[in-house]
Amino acid sequence: MLFKYDPSNNFLLVNNTIVPSYDLTENLIGTCSFCDAQIISQSYHDLDDNTAVVAYCEKCGASFINLYDREWNWISEQPISHFFSYKESTARNAEFQMGENSKRENSYYTDLTNVPMNKLTTIFSPSEIESMMAKSLGKKYVRQYLYRARKKYEKFQDVFGITLDI
């Protein structure tokens, strides 16, 4: 199965079918296969015989899909590398904007307080967000975390169409 995720609306796209979330509770659900830090659930989606849990690593920011059966037995985990944006259209019922064809407005921010937190937590770790926030407010920050965050700016722009300059 091909999974894509829209973090702004918490929609999961499974083989060209949108599956909305039924719960947004954050729970610790395991450890990251990249850095061994905690993985936190972001949204829960009902698939036919399974439940898909979208989760992210609190340290490295990686995103995952964890599949469980109806008795909550773990089936598999798959990193999320594909994202999409969903836009409700008045002319048509729904319109998908994916990859290069996406027509998102490109917002530019130097003040992080104007950027939605759910978008930041999708890409950046809590330490990176804290350092970016401190830097944007002119406060003391941890240079190492800001450096790591800056490496992810391009990915953040690709996913959300928001350019950061902090």
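Because the structure is predicted, anything quoted here is derived from the model rather than measured. (Residues numbered from 1 in each chain as written. Predicted model: local features only at pLDDT ≥ 70, side-chain atom pairs only at ≥ 80, totals over all residues. Heavy atoms only, no water.)

Which parts of the structure should I look at to understand the packing of aromatic side chains?
The relative placement of two aromatic rings is captured by the distance of their centres and the angle of their planes. On inspection of all chains with the given rule, the structure shows six aromatic pairs. Taken together, a centroid distance of 6.2 Å and an interplanar angle of 75 degrees make the contact between Y44 and W72 edge-to-face. With Y44 in strand β5 (residues 38–46) and W72 in the loop between β7 (63–69) and β8 (74–79), the pair connects residues that are 28 residues apart, well separated along the chain. Residue classification places W72 among the partly exposed residues on the basis of a relative accessible area of 44%. A connected cluster of aromatic rings, assembled from ring pairs, spans Y22, Y44, Y68 and W72. (Phe/Tyr/Trp six-rings, centres within 6.5 Å; stacked < 30°, edge-to-face > 60°. Helix = DSSP H or I, 4+ residues; strand = E, 2+ residues; numbered from the N terminus. Buried < 20%, exposed > 50% of the residue type's maximum accessible area, 1.4 Å probe, protein only.)

Explanation requested: the side chain of S43 in the structure shown.
Its place among the elements puts S43 in strand β5. A polar contact of 2.7 Å, which involves the side chain of S43, links it to the side chain of H45. In this structure, S43 is in contact with Y5, N10, S21, D23, L24, A52, V53 and V54, ignoring residues within four places of it in sequence. (Polar contact = N/O pair within 3.5 Å; in protein donor to acceptor, adjacent residues only side chain to side chain. Contact = heavy atoms within 4.5 Å.)

Quick question: what am I supposed to make of the confidence of the model for the protein chain here?
When pLDDT is low, close inspection of the predicted coordinates is not appropriate. Confidence in the prediction of the protein chain, expressed as mean pLDDT, is 78, and 81% of residues score 70 or more. Per-residue pLDDT, averaged within each element of the protein chain, yields its smallest value for strand β10 (residues 94–98) (39) and its largest for β5 (92). Long-range and interchain partners of residues 88–106, a stretch whose pLDDT sits below 50, account for 33 contacts in this model, where long-range means more than four residues apart. (pLDDT = per-residue confidence, 0-100.)

I keep staring at the pattern of salt bridges and nothing clicks. Help me out?
For side chains bearing opposite charge, pairing can occur when the charged atoms are close. Inspection of every chain in the model, using the stated rule, returns two salt bridges. For the salt bridge of D46 with R70, the shortest nitrogen-to-oxygen distance reads 2.4 Å. Remark: R70 occurs in the loop between β7 and β8 and D46 occurs in strand β5; sequence separation between them is 24 residues. Since its relative accessible area comes to 45%, D46 is described here as partly exposed. Linking E128 and K152 is a salt bridge whose minimum nitrogen-to-oxygen distance equals 2.9 Å. In this pair, E128 sits in helix α2 (residues 126–136) while K152 sits in the loop between α3 (143–151) and α4 (153–160), placing the two residues 24 residues apart along the sequence. What makes E128 buried here is its relative accessible area of 3%. (Salt bridge = Lys/Arg side-chain N within 4 Å of Asp/Glu carboxyl O.)

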